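# Report on the structure
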Amino acid sequence: MATPSAPLLPSAARDFLGSAMFASAISSLIFLTGFGTHLIRSLIGWPGLMTIVLGLIGLAAVSLWFRRTHLEWHGTLPISLIVFVGWAAVSISWATFTTVSGVRVGYLLAFGVLGFYVAVLRDTIQVVRAVGGALRILLIVSLVLEVFSGVLIDMPIRFLGIEGDLASLGPIQGIFGTRNQLGFVALIALITFAVETLTHSIPRTLGRWSLLLAAVCVLLSGSPVVIGVLAVVAVASLALFGVRRAAASVRWIWQIAIAAGVIIAGVLVWAVRGRLLSFLNAGSELETRLRLWQEMERYLATNPLQGWGWVGAWPTTPPFLWLNLATGKVNGTGLSAYVDVYFQLGLVGFVAFLALLGLALVRAWLLASDKKSVVYVWLALVLVALATVSLAESNALFESGWLLLVVCSIKASRSMSWREALRRRAPGPGPVPVE
């Protein structure tokens, strides 16, 4: 009789690798890396960042393997997410530089895999706490370095992109490279810290100091884009909490009224867009965006359906080099996620991205409206922030923004999956989901 082979790892090691503590540590590291990519690149370059990302994917794979018996896989991935990523992968075949496109699609997939891991293994409140813990660290580090640069030595820290303007109350960039990125991260932190405080996930005193930290960073960033997004998020928060307080029997009326209000506001903004642009064009920032978008539209006329191929953040190769030469400014993105997707993936990719973001937002909004726990508000408000900031920045397509989009879309889909609903109505016993 053959003796059974001994396990490769002792039981204590297997228990740890399959534990919630191990999954929690990986999730925190994923968000620290996702939001800290600029800092990591500045310190150890692209090779160091890619080593960290691949290492996290390896740890996530190990964790998934040892927790595989506790997972329910059905209906996990939204079809809209699969279609968008799939079309980006297919676009390698017609990209101007296939090698660059292939590497960038791999980078997109890498952060998508990390987002999948977090969404599948962690509950929503655990995701909120992981994001909150990571952003507290990164925002504190940002303010400490800004004080060191702008007050103590009164010199910029060039390799981090810190200009040292704290003494004049900003704008500051922190460890995120630009004021717009700092402001956006601080806004996500503001939403996260508020939900942590309301759900009593952290001590009240820590919650108040965290909210103050995020608010200070938003204001000191001096980003007009983020101030506009903050206003939209504030209005969405009031509307959402109004719906949550309404009786269940009349809640659908509130939802229809809110949807109608959003549509009417969109039509009015479009109708007066000329005057609005003239009013906002007091500075050069909007003028730069408009000139860039006009050039992108001109180049897109040759590839309207499929675009120029996915590259994510812009490389220094044609046609992106031509766009920068035409506008006289070096741009790392299309300064709008919607325009960027349209340019890189054409009309097909644009529709797929709208479906991904739109379906995730609708599902998250309905969840936040109907579920008793306030934690579901986090999904809805983060997606509102992503959808709004995507008008003027490409955050939702790269690194931390893409990570958040993947996590929120999967979380919303798992809670409101039409495929799961069909399975429940199908005759015969079905799989029992395990939370």
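Residues numbered from 1 in each chain as written. Predicted model: local features only at pLDDT ≥ 70, side-chain atom pairs only at ≥ 80, totals over all residues. Heavy atoms only, no water.

### Quick notes on the overall build of the chain
A count of helices and strands for the chain gives 17 helices and zero strands. Going through the 435 residues of the chain one by one, you find that 48% of them count as buried. Carbon together with sulfur atoms contributes 70% to the accessible area of the chain, which is approximately 21,100 Å² in total. (Helix = DSSP H or I, 4+ residues; strand = E, 2+ residues; numbered from the N terminus. Buried < 20%, exposed > 50% of the residue type's maximum accessible area, 1.4 Å probe, protein only. Areas by Shrake-Rupley, 256 points an atom, 1.4 Å probe, with all protein chains shown as cover.)

### Notes on helix α7 (residues 179–198)
When the terminal C-alpha atoms of α7 are compared, their 28 Å separation across 20 residues agrees well with the 28 Å that a helix rising 1.5 Å per residue should span. Phi for His200, located one or two positions after α7, is positive at around 60°. (Expected span 1.5 Å × (residues − 1).)

### A look at helix α14 (residues 337–370)
In this model α14 runs just 30 Å from its N-terminal to its C-terminal C-alpha over 34 residues, more than 12% under the 50 Å that 1.5 Å per residue would give. The largest bend along α14 measures about 135° and falls at Leu345. (Bend = angle between axes of the 7 residues up to and from the residue.)

### Points about the environment of Ile410
Within the fold, Ile410 resides in helix α16 (residues 399–415). Of the residues examined, Ile410 reaches a relative accessible area of 0% and is grouped as buried. As for Ile410 and Gly115, which are separated by 295 residues in sequence, their C-alpha atoms are 8.6 Å apart.

### Details of the environment of Leu383
Structurally, Leu383 can be placed in helix α15 (residues 376–389). For Leu383, a relative accessible area of 0% translates into the label buried. In this structure Leu383 touches Leu357, Ala360, Leu361, Ala364, Leu405 and Cys408, once residues within four positions along its chain are discounted. (Contact = heavy atoms within 4.5 Å.)

### What about the side chain of Ser201?
Structurally, Ser201 is set in the loop between α7 and α8 (204–221). At 2.8 Å, the side chain of Ser201 and the side chain of Thr199 are in polar contact. If we skip the residues at most four places from it in the chain, Ser201 touches Ile125, Arg129 and Glu196. (Polar contact = N/O pair within 3.5 Å; in protein donor to acceptor, adjacent residues only side chain to side chain.)

### Some details on the confidence of the model for the chain
Predicted confidence across the chain gives a mean pLDDT of 87, with 89% of residues reaching 70 or more. At the level of individual helices and strands, the chain shows its lowest average pLDDT in helix α17 (residues 418–425), which scores 49, and its highest in α7, which scores 96. (pLDDT = per-residue confidence, 0-100.)

### Section: the nonpolar core
By size, the foremost hydrophobic cluster in this structure holds 110 residues, and its most contacted members are Phe31, Phe84, Tyr117, Leu139, Phe353, Trp378 and Trp402. Apart from residues lying up to four places away in sequence, Phe353 is in contact with Phe84, Ala337, Tyr338, Val341, Ala396, Leu397 and Leu405. (Core = buried A, V, L, I, M, F, W, Y, C linked by side-chain atoms within 4.5 Å.)

### Focus on the packing of helix α9 (residues 224–245) against helix α10 (residues 251–271)
At a closest axis distance of 9 Å, the pairing of α9 and α10 adopts a crossing angle of 160°. Between α9 and α10, the angle is such that the two are roughly antiparallel. For α9 against α10, the interelement crossing comes out right-handed. For the pair α9 and α10, the contacting residues are Ala239, Val243 and Arg244 in the first and Arg251, Trp254, Gln255 and Ile258 in the second. For the contact of α9 with α10, the per-class residue count stands at four nonpolar, one polar and two charged. (Axes fitted to C-alpha atoms, helices over the stretch in contact; angles between N-to-C directions. Parallel < 35°, antiparallel > 145°, perpendicular 65-115°, else oblique. Left-handed = near helix turned anticlockwise from the far one by under 90°. Nonpolar A, V, L, I, M, F, W, Y, C, P; charged D, E, K, R; others polar.)

### Some words on the packing of α7 against α8
Relative orientation of the contacting elements α7 and α8 amounts to 160°, with a least axis distance of 8 Å. One element, α7, and the other, α8, form an angle in the roughly antiparallel class. Pair α7 / α8 crosses with left-handed handedness. Packed against α7, whose contacting residues are Arg179, Leu182, Gly183, Ala186, Leu187, Ala189, Leu190, Phe193, Ala194 and Thr197, the element α8 presents Gly207, Ser210, Leu211, Ala214, Ala215, Cys217, Val218 and Ser221 at the interface. By residue class, the composition of the contact of α7 with α8 is twelve nonpolar, five polar and one charged.

### A short note on the packing of aromatic side chains
As enumerated under the stated definition, the model contains twelve aromatic pairs in all. Ring geometry for Phe84 and Trp310: centres 6.1 Å apart, planes at 85°, overall edge-to-face. Pair noted here: Phe84 is in helix α4 (residues 79–90) and Trp310 is in the loop between α12 (284–300) and α13 (320–327), with a separation of 226 residues, a long-range link. The buried category is assigned to Phe84, whose relative accessible area is 0%. Residue classification places Trp310 among the buried positions, given a relative accessible area of 1%. Measuring from centroid to centroid gives 6.2 Å for Trp308 and Phe343, while their planes differ by 20°, and the two rings are stacked. Note that Trp308 is positioned in the loop between α12 and α13 and Phe343 in helix α14, a separation of 35 residues in sequence. Taken individually, Trp308 and Phe343 each receive the classification buried, so the pair is uniform in this respect. Feature note: the residues Phe84, Trp310, Tyr338, Phe353 and Trp402 constitute an aromatic cluster, connected by ring pairs. The ring of Trp65 has Arg68 lying over it, and the distance from NZ or CZ to the ring centre is 3.9 Å. Over the face of the ring belonging to Tyr299 we find Arg298, whose NZ or CZ atom lies 5.1 Å from the ring centre. (Phe/Tyr/Trp six-rings, centres within 6.5 Å; stacked < 30°, edge-to-face > 60°. Lys NZ or Arg CZ within 6 Å of the ring centre and 35° of its normal.)

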